[in-house]
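# Residue-level structure breakdown
The primary structure of each chain is shown beneath.
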Amino acid sequence: MRNWKQWFILFMVMVMSLSLLAGCSGDGSGSDSKTSESTSNTDTSKDPEAPNGDNEGVFPLSEKVTLKMATCKHPNNGPFEEMDFFKQYEEKTNVQIEWTDLEFAQCEEQRNLILASGDLPDAFYGTLALSGNDVINYGGQGMLVPLEEYINKETMPNLTALIEANPEFKSIMTAPDGHIYSLPSIRELMLWLSPDMMYLNKEWLDQLGLEVPKTTDELKTVLEAFKTQDPNGNGKNDEVPFSFLWDFANYNVNGIGSLFGAFGRADSANHMFVEDGKVVFSAMEEEYKEGIAYFHTYFKDGLFDKESLAQDRNQLVGKGSGTEQRLGGFFSWNAFSIVGAENDPKYVVVPALKGPNGDQVWRKSLGNNQGVNPFAFSMTAVNEHPELTMQWMDLAYATDTSIEAGWGPIGVTLEDKDGQLTLKEAPAGMTTDQYVFKTAPVEAPYAILEETYGTRLALAEKDKIKIDGIKEHYLPYMTSETFPGVMFTAEESQKIKTLDTDLNSYISQTSAKWLLEGGVEKEWDSYMANLKKMKVDELVAIYQTAYDRFMSAQ
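Each residue is numbered by its place in its chain's sequence as written, counting from 1. Under the rules for a predicted model, residues below a pLDDT of 70 receive no local features and side-chain atom pairs below 80 are neither given nor counted, while totals for whole chains, interfaces and linings still include all residues. Based on all heavy atoms of the structure, the side-chain values leave hydrogens and waters out of the count.

If you check an unreviewed UniProt entry, the protein chain appears there as Sugar ABC transporter substrate-binding protein from Paenibacillus algicola.

Moving on: the pairing of strand β1 (residues 65-72). For the exposure calls, accessible area comes from a 1.4 Å probe over protein chains only, and a residue counts as buried if that area is under 20% of its type's maximum, exposed if over 50%, partly exposed in between. Numbering goes from the N terminus for both helices and strands, where a helix is a DSSP run of H or I of at least four residues and a strand is a run of E of at least two. By the criterion of burial, β1 is predominantly enclosed, with six of the eight residues buried. Across eight bridges, the pairing between β1 and strand β2 (residues 95-102) is parallel. Across the sheet, Cys72 pairs through a bridge with Leu102, a residue of β2. Place the viewer so that the strands point away; then a crossover is right-handed whenever the path from the first strand over the helix to the second strand goes clockwise. Remark: the β1/helix α3 (residues 84-93)/β2 crossover connection has right-handed handedness. With three bridges connecting them, β1 and strand β3 (residues 123-125) associate as parallel partners. For Ala70, the partnering residue across the bridge sits in β3 and is Phe124. Between any two strands, pairing holds if DSSP finds at least two bridges.

What follows concerns the sheet that holds strand β9 (residues 347-350). Taken in spatial order, the three strands of this open sheet run β8-β5-β9, and their pairing is antiparallel. In this open sheet, the two edge strands, each paired with only one partner strand, are β8 (329-332) and β9. Direction aside, neighbouring strands of the sheet carry axes that sit 35 degrees apart on average. Bridge count between strand β5 (residues 197-201) and β8: four bridges; the pairing is antiparallel. Its bridge partner being in β8, Leu200 is matched across the sheet by Gly329. Between N-to-C directions, angles span 0 to 180 degrees; the directions come from axes that are lines fitted to C-alpha atoms, helices contributing only their stretch in contact.

Relative to the helices and strands, Gln325 resides in the loop between α12 (313-320) and β8. Residue Gln325 is classed as buried on the basis of its relative accessible area, which comes to 5%. Within the structure, Gln325 has its side chain in polar contact with the backbone oxygen of Gly322 (distance 3.3 Å). For Gln325, the side chain forms a polar contact with the side chain of Tyr347, separated by 2.4 Å. If sequence neighbours within four positions are ignored, Gln325 has contacts with Asn201, Trp204, Asn232, Gly320, Asn343, Lys346 and Tyr347. Polar contact is defined as a pair of N or O atoms within 3.5 Å, subject to the rule that within protein one atom must be able to donate a hydrogen and the other to accept it, and that residues adjacent in sequence are counted only when both atoms are side-chain atoms. The contact criterion used throughout is that any non-hydrogen atoms of two residues lie within 4.5 Å.

Here we take up the sheet that holds β2. Spatially, β2-β1-β3-β11-β4-β14 is the arrangement adopted by the six strands of the open sheet, whose pairing is mixed. Lying at the two open borders of the sheet, with one neighbouring strand each, are β2 and β14 (446-448). On average, each strand axis in the sheet is tilted by 35 degrees relative to the strand beside it, whichever way the strands run. Where helix α4 (residues 107-117) meets the sheet, its contacts fall on β1, β2 and β3, and the angle it forms with β2 comes to roughly 120 degrees. Packing against the sheet, helix α14 (residues 386-394) makes contact with β1, β2, β3, β4 (183-187) and β11 (372-379), and its axis sits at approximately 145 degrees to β11.

Before going further, it helps to spend a moment on the pattern of salt bridges. Salt-bridge detection follows one rule: a side-chain nitrogen of Lys or Arg within 4 Å of a carboxyl oxygen of Asp or Glu. For the structure on display, the rule yields 23 salt bridges. Salt-bridge contacts for Lys319 lead to Asp305; the nearest nitrogen and oxygen are separated by 2.5 Å. Residue Lys319 is found in helix α12, and its partner Asp305 is found in the loop between α11 (286-300) and α12; the two are separated by 14 residues along the sequence. A relative accessible area of 8% places Lys319 in the buried class. The exposure class of Asp305 is buried, given its relative accessible area of 12%. A salt bridge links Lys513 to Glu523; its shortest N-O distance comes to 3.1 Å. Here Glu523 lies in helix α19 (residues 520-533) and Lys513 lies in helix α18 (residues 490-517), a separation of 10 residues in the sequence. Connected via shared salt-bridge partners are Arg265, Glu275, Glu285 and Glu287.

Here is the structure:
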């Protein structure tokens, strides 16, 4: 059965000249799936019914079932098969997962190879495994299983109850063709409003008699002092005043997109924003040009690290770690993910800066779809245990299992104190993030609602610090809202793939050249003409249509 389906899907791929496979979370009907399975060599007695609206009688299975899943690892993740979370999950269910771990930097390439081989997994797991465009595209072509028939009280009681209590989740999960091709990751918390925060070395500021800057001019003064006055006191000119990441994958966390807000409009990796219901492409607006011209002076004067435009995250972390501090400032989710736990207290959050014209804006992320990523688990057409897979997945939407998927297992990284789960201290030499990511997937399908925090789950101190920082320094200035996680039609997805890659590559390379060498003012008109030739207006129109459709469904 599996071999026939593999060749069928490979044939479809060849006929349609496709180069990518996207997986979609499986949610098929129990009766239909069992009818088809009865003609195969599979023993369907291992695919149990869910009794009385819950799955308590289903697991553990009397006989072990093995499922094959592919996942794209977060840079901090270890091997999935070694995670305590999945070891405990297997003990509870008697379902064994054979993992194919795709490395983050090569995820798309490795996923393409899986498709080309025809040896497909049963499912793709995690929010990093498949893009939304891929899910919609290949779901519509039948390579991914529609899931809505499985989302019922018998097969998926946890997820069904969640959707009934929060109907907006279903609209976010539903594709333009009316089907649900993937299961969501839901994490309602203000943390996600600003994945990027700006940090400066507070020890250096104090040593040099400087205040935390509130304007771009004050920031420039601070970085000049960091560069010239030997704040680490080692007698060497080895300080890096400020460094960041420019690549697409890391830009929204470790890049300077929000800093463009000092000129009236922030930037993001794909440059798509929504302002008063209108889609705006930031990289073709005057504010972007002004920001590029201004920050060129930072590069010219050696205040911004020139390696920022080409380095990877490991290189940035290398500049921030160690006992002898070299790094003055950076953007990151939190400070210790760049400089480590030992150096974390030395850094302070920098507020949204006021620019030369009095503008003060910060990028707002994930505000208009409540931190819901609808593309967290996808099931392929070769899966011989679709209902069992969905019952297995439904356990992930129970409160405690959701918490464990995001913070690690109870008894390992979490401990239960009077009914409230709290994070344990990380082992020596590890940050809390490193510890959690080694024991749990984190970027996973689950549902942690806002009311869970402070009740069943204690708010981690690191999260409380980040939330307080967002409220104090960024929330009042969040007028640039990034484009929400809407679903596109297959045709829209294909158009976006065609247009987006070339546009973003051109913008990234051209802007990097301007930052290093200058020239944005002289070359802006030709740059704008090239964007038009590359059909940027058509791309914006596609996003506008999808956004209008998304809003009309609310």
